[in-house]
Amino acid sequence: SPSILCSRKASRQRGGSSAMAWASSRRRSRCSRAISAVAAALGDRFDWTGDVERGQIPGLLAGANLGWCVFQPTPLRVHAAPLKLLEYLAAGLPVLAVPGSEAGDMVQTGRAGLLVAADPMAVRAALVAVQADDAGHAAMSAAAVQVAAAHDWHAIMAREAALLAGLRRTRAGTQPLVPEAAE
């Protein structure tokens, strides 16, 4: 079962809280230390639900206002864009991600969150910054939905189909190798 760290949007709307969603079932001890440091720094603005059933995740994400995709980059993980990243983005959650990773590249390119080092104090500073900037949060949230839509399987397959059609026409000698971008 994944674990979720979050609090409710309503708290933020009343001027009190930030919220974050975090889902993982691996390396819990290392992550728990980092989460404990963040939670201690931010007090009652966060709820740690512990393990939850997968069916509860959409409701918890709907109640959060920030996704966490922070991990220590390694050669294996640099090219990782976990499914949870797209789930956060599709839920309209700005995401904290590590620079120099595929997840970080998606967040930075799409302006759908903030890049942050895999360090508890850096995460804390980013959380405080998001908490203090309602307009920035709204812009990142809107961008998150757009980034997720661009990575929707239907959109990806439409782009791939356009690429293949362009290649087929190129072989027939009717069009240049690179097709126009499908919108």
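Before reading further, recall that the structure is shown in the block above.
The rules behind the values
- Residues numbered from 1 in each chain as written.
- Predicted model: local features only at pLDDT ≥ 70, side-chain atom pairs only at ≥ 80, totals over all residues.
- Heavy atoms only, no water.
- Axes fitted to C-alpha atoms, helices over the stretch in contact; angles between N-to-C directions.
- Helix = DSSP H or I, 4+ residues; strand = E, 2+ residues; numbered from the N terminus.
- Parallel < 35°, antiparallel > 145°, perpendicular 65-115°, else oblique.
- Left-handed = near helix turned anticlockwise from the far one by under 90°.
- Contact = heavy atoms within 4.5 Å.
- Pairing = 2+ DSSP bridges.
- Core = buried A, V, L, I, M, F, W, Y, C linked by side-chain atoms within 4.5 Å.
- Buried < 20%, exposed > 50% of the residue type's maximum accessible area, 1.4 Å probe, protein only.
- 1 Å grid on protein atoms, 1.4 Å probe; cavity = no way out; pocket = protein on both sides within 12 Å on 5 of 7 lines; lining within 4 Å.
- Points joined across faces, edges and corners; volume = space filled by probe spheres on them.
- Nonpolar A, V, L, I, M, F, W, Y, C, P; charged D, E, K, R; others polar.
- Patch = residues over 30% accessible without salt bridge, like charges linked within 9 Å, V, L, I, M, F, W, Y side chains within 5 Å.
- Areas by Shrake-Rupley, 256 points an atom, 1.4 Å probe, with all protein chains shown as cover.
- Salt bridge = Lys/Arg side-chain N within 4 Å of Asp/Glu carboxyl O.

Peer 1: Any chance you could explain the packing of helix α4 (residues 83–90) against helix α5 (residues 102–110) here in plain terms?
Peer 2: Think of two packed helices as two axes; the pair is described by the angle between the axes and how far apart they sit. Here α4 crosses α5 at 20°, and the two axes come no closer than 10 Å. Overall, the two elements α4 and α5 adopt an arrangement that is roughly parallel. Relative to α5, α4 is oriented so that their crossing is right-handed. In contact with Leu 85, Leu 86 and Leu 89 of α4, α5 contributes Ala 103, Met 106 and Val 107.

Peer 1: Looking at this structure, how should I read the sheet that holds strand β3 (residues 67–69)?
Peer 2: With respect to topology, three strands assemble into an open sheet ordered β3-β4-β5, the strand pairing being parallel. Two strands lie at the open edges of the sheet, namely β3 and β5 (113–115), each paired on one side alone. Strand-to-strand, the axes of this sheet are offset by a mean angle of 15°, without reference to chain direction. Sheet topology note: the strand β4 (residues 95–97)/β5 ladder contains three bridges and is parallel. Across the sheet, Leu 96 pairs through a bridge with Leu 114, a residue of β5.

Peer 1: Explain the nonpolar core here, please?
Peer 2: The tendency in soluble globular proteins is for nonpolar side chains to be buried as a group. Judged by nonpolar contacts, the single largest core of 20 residues is most densely connected at Cys 69, Leu 85, Leu 89, Val 95 and Ala 112. Per-element tally for this core: the top contributor is helix α7 (residues 134–150), with four residues. Once you skip the residues sitting within four places of it in the chain, Leu 89 turns out to touch Val 95, Met 106, Ala 112, Ala 144, Val 145, Val 147 and Ala 148. The next biggest cluster of nonpolar side chains, apart from the first, holds eleven residues, and it includes Val 70, Val 123, Ala 126 and Val 130.

Peer 1: Looking at this structure, I do not really get the layout of surface pockets. What am I missing?
Peer 2: Sizing a probe to match a water molecule and rolling it over the atoms shows the empty space that remains. Empty space within the second largest pocket amounts to approximately 230 Å³. Residue lining of the second largest pocket: Ala 81, Pro 82, Leu 83, Leu 86, Glu 102, Met 106, Ala 148, His 151, Asp 152, Trp 153 and Ile 156, and that is the complete set. Every element with two or more residues in the lining of the second largest pocket is listed here: α4, α5 and α8 (153–171). Here the residues of the lining of the second largest pocket sort into eight nonpolar, one polar and two charged.

Peer 1: Help me understand a nonpolar patch on the surface in this model?
Peer 2: On the surface, a cluster of nonpolar side chains totalling about 240 Å² of accessible area is made up of Leu 163, Leu 164 and Leu 167. Along the polypeptide, Leu 163 turns up in helix α8. Judged by relative accessible area, Leu 163 falls into the partly exposed class, the value being 36%.

Structural measurements only, silent on function.
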